[in-house]
Amino acid sequence: MKLVVVGGGSTYTPELADGFARLRDTLPVDELVLVDPDQERLDLVGGVAARIFARQGHPGTVSTGTDLDAHLDGASAVLLQLRIGGQAARHTDETVPLGCGCIGQETTGAGGLAKALRTVPTVLDIAERIAERAPDAWIVDFTNPVGIVTRALLDAGHRAVGLCNVAKGFQHTFGEWFGVDPEQVELDHIGLNHLTWERGVRIGGVDMMPRILDEYGEALAARVRIPLELMRRHGVVPSYYLRFYYAHDAVLAEQLAEGSRAEQVAEIERQLLDLYADPALDTKPALLRQRGGAYYSEAAISLVAGLLGDTGEAEGEVQVANVRNHGTMPFLADDAVIEVPCRIGADGAVPLPVAPVDPLQAGLIAHVSAYEELAVRAALHGGLGRVEDALLAHPLIGQTDTARRLAAELVAVNRDFLPWARK
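Residues numbered from 1 in each chain as written. Predicted model: local features only at pLDDT ≥ 70, side-chain atom pairs only at ≥ 80, totals over all residues. Heavy atoms only, no water.

1. Quick look at the layout of surface pockets
By volume, the second largest pocket is sized at about 430 Å³. If you trace the second largest pocket, you find 21 residues lining it, with Val-185, Glu-186, Leu-187, Val-318 and Pro-341 closest to the centre. Mapped onto the lining of the second largest pocket, the elements with two or more residues apiece are α6 (166-178), β7 (185-192) and β11 (317-324). If you tally residues by element for the lining of the second largest pocket, the top one is β7, at 5 residues. Residue classes in the lining of the second largest pocket are distributed as 12 nonpolar, 3 polar and 6 charged. (1 Å grid on protein atoms, 1.4 Å probe; cavity = no way out; pocket = protein on both sides within 12 Å on 5 of 7 lines; lining within 4 Å. Points joined across faces, edges and corners; volume = space filled by probe spheres on them. Helix = DSSP H or I, 4+ residues; strand = E, 2+ residues; numbered from the N terminus. Nonpolar A, V, L, I, M, F, W, Y, C, P; charged D, E, K, R; others polar.)

2. Quick look at unusual backbone geometry
For the bond running from Asn-144 to Pro-145, omega is -5°, close enough to zero to count as cis. If you trace the backbone, Pro-145 turns up in the loop between β5 (138-141) and α5 (146-155). One non-glycine residue, His-194, adopts positive backbone phi at about 60°. Its location among the elements puts His-194 in the loop between β7 and β8 (195-203).

3. Comments concerning the environment of Asp-282
By the element assignment, Asp-282 lies in the loop between α12 (261-276) and α13 (288-291). Every residue in contact with Asp-282, bar those within four places of it in the chain, is listed here: Arg-51, Ile-52 and Arg-55. Only 3.4 Å separates the side chain of Asp-282 from the side chain of Arg-55, close enough to count as a polar contact. (Contact = heavy atoms within 4.5 Å. Polar contact = N/O pair within 3.5 Å; in protein donor to acceptor, adjacent residues only side chain to side chain.)

4. Some remarks on the environment of Tyr-371
Here Tyr-371 is to be found in helix α15 (residues 359-381). Measuring from C-alpha to C-alpha, the distance between Tyr-371 and Gly-316 comes to 32 Å, with 55 residues separating the pair along the chain. In contact with Tyr-371, other than residues within four places in its own chain, are Gly-109, Gly-112, Leu-113, Ile-148, Ala-390, Ala-393 and His-394. Among the polar contacts listed, one links the side chain of Tyr-371 to the backbone nitrogen of Leu-113, at a separation of 3.4 Å.

5. Remarks on the packing of aromatic side chains
A ring pair, where both rings are aromatic, is described by two values, the distance of the centres and the angle of the planes. Evaluated as defined, the whole model comprises 8 aromatic pairs. Ring plane angle 65° and centroid distance 6.0 Å describe the contact between Tyr-12 and Tyr-296, whose orientation is recorded as edge-to-face. In this pair, Tyr-12 is assigned in the loop between β1 (2-6) and α1 (13-22) and Tyr-296 in helix α14 (residues 296-307), connecting sequence segments 284 residues apart. No difference in accessibility class separates Tyr-12 from Tyr-296, as the two residues are buried. For the pair Tyr-240 and Tyr-241, a centre-to-centre distance of 4.4 Å together with 25° between the ring planes defines the contact as stacked. One aromatic cluster is present, formed by Phe-170, Phe-174, Trp-177, Phe-178 and Tyr-216 through successive ring pairs. (Phe/Tyr/Trp six-rings, centres within 6.5 Å; stacked < 30°, edge-to-face > 60°. Buried < 20%, exposed > 50% of the residue type's maximum accessible area, 1.4 Å probe, protein only.)

6. As for empty space enclosed by the protein
Scanning the entire structure with this criterion turns up 2 cavities of 30 Å³ or more. Contributions of two or more residues to the lining of the largest cavity are made by α5 and α15. Considering each element in turn, the lining of the largest cavity owes the most residues, 3 residues, to α15. Considered class by class, the residues forming the lining of the largest cavity number 6 nonpolar, 7 polar and 1 charged. Considering only enclosed or pocket space, the second largest cavity measures out at about 40 Å³ in volume. If you go around the second largest cavity, the residues you meet are Trp-197, Leu-230, His-234, Val-236, Pro-238, Tyr-246, Leu-360 and Gln-361. Listing elements by their share of the lining of the second largest cavity, those giving two or more residues are α9 (228-234) and α15. Tallied by class, residues from the lining of the second largest cavity come to 6 nonpolar, 2 polar and no charged.

7. Quick look at α6
When the terminal C-alpha atoms of α6 are compared, their 19 Å separation across 13 residues agrees well with the 18 Å that a helix rising 1.5 Å per residue should span. Among the residues of α6, those classed as buried are Val-166, Ala-167, Lys-168, Gly-169, Phe-170, Gln-171, His-172, Thr-173, Phe-174, Gly-175 and Phe-178. Where α6 ends, the next residue or the one after it, Gly-179, has phi of about 70°, a positive value. (Expected span 1.5 Å × (residues − 1).)

8. Some thoughts on the pairing of strand β12 (residues 337-345)
Buried residues dominate β12, accounting for 8 of its 9 residues. As paired strands, β11 and β12 are joined by 8 bridges and run antiparallel to one another. What sits directly across from Ala-321, in β12, is Val-340. Inspection of the sheet shows β12 paired to strand β13 (residues 348-351) by 4 bridges, in the antiparallel sense. Paired with Gly-345 across the bridge in β13 is Gly-348. (Pairing = 2+ DSSP bridges.)

Printed below as a string of structure tokens:
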């Protein structure tokens, strides 16, 4: 089996290599190909990835290259983990909105739209090349904003599934609390990418949510930074991204007083690359946990194994993924992309039925889904007006003067990545 990772020079990649090495019985990879335009990073990351394979006795090979087309033939799956513009572009995503009184975050709100504008055209170009050279390959998108990017891929007719690690993180947390394997934790996970709630947590068929909120509520509240009283009143655990909506003003004040996360990550990446340069390093370093992306490899391996029919499960494994709505949530359009538990098999990821969604969640889901539709249009067709409309539709912005000013500033600072803006 040949897997290709686009954006293979990412400092995340040793986490992925470690997962492939540890879970080789789940997903037997013969060849792992890391593709990235940055040869220097590829050399460092590819080197440590190969050493991780060797240390753990993995028989597969790790290879690298800067030419995507030269490495696609025979690929079973292609994983996308791109960051167009690097941490410098992320810094503008996180800081430009602050000047307009809006939260600066790389996947949510104005920053997320800026990232989508840069990313969607590049991802679609890559997908066309995959379709030409490896038409049977699955595309697994881990590139943020996952919901918007996955929707663009599916709209263009590609074999794609979006993936996030938030659900995996909760499975591990709850599994640790109750002393069970994370795979035994079933989540009633509902929403859109980076806009999700856990409505139920079943272990052995028993819903543990009441115990979680009662026994571990304070720890959860500290983790997601959402008031425990709110979680108990509604019987849900929101992802920490909901704090951007539920505590907008407090988050904005914090961001104005602190440096950007991009600056912190850039320093972590510099240190990681220094570590990767050590020819003796053959394990993923502890510092990598500070980079983020915990359980990324586990989520990716589980999903790819299911898509390629290697799970051993007759009916397919259940995993949270980003897929078409297709009536799962009746208040959304069928072509919306949602994040829910899905049955994973050779035919793709099929969303499982979900219970009716409470109006408190449904209203926000519908609002953000409408924004995502407009964001895809802006990313595909360009135009200052489309960017402004998408910003106006987002519940964290939603004011004409703010949307107009933000659109102009975001387009100006991203002009080098937006061909339509340079005409």
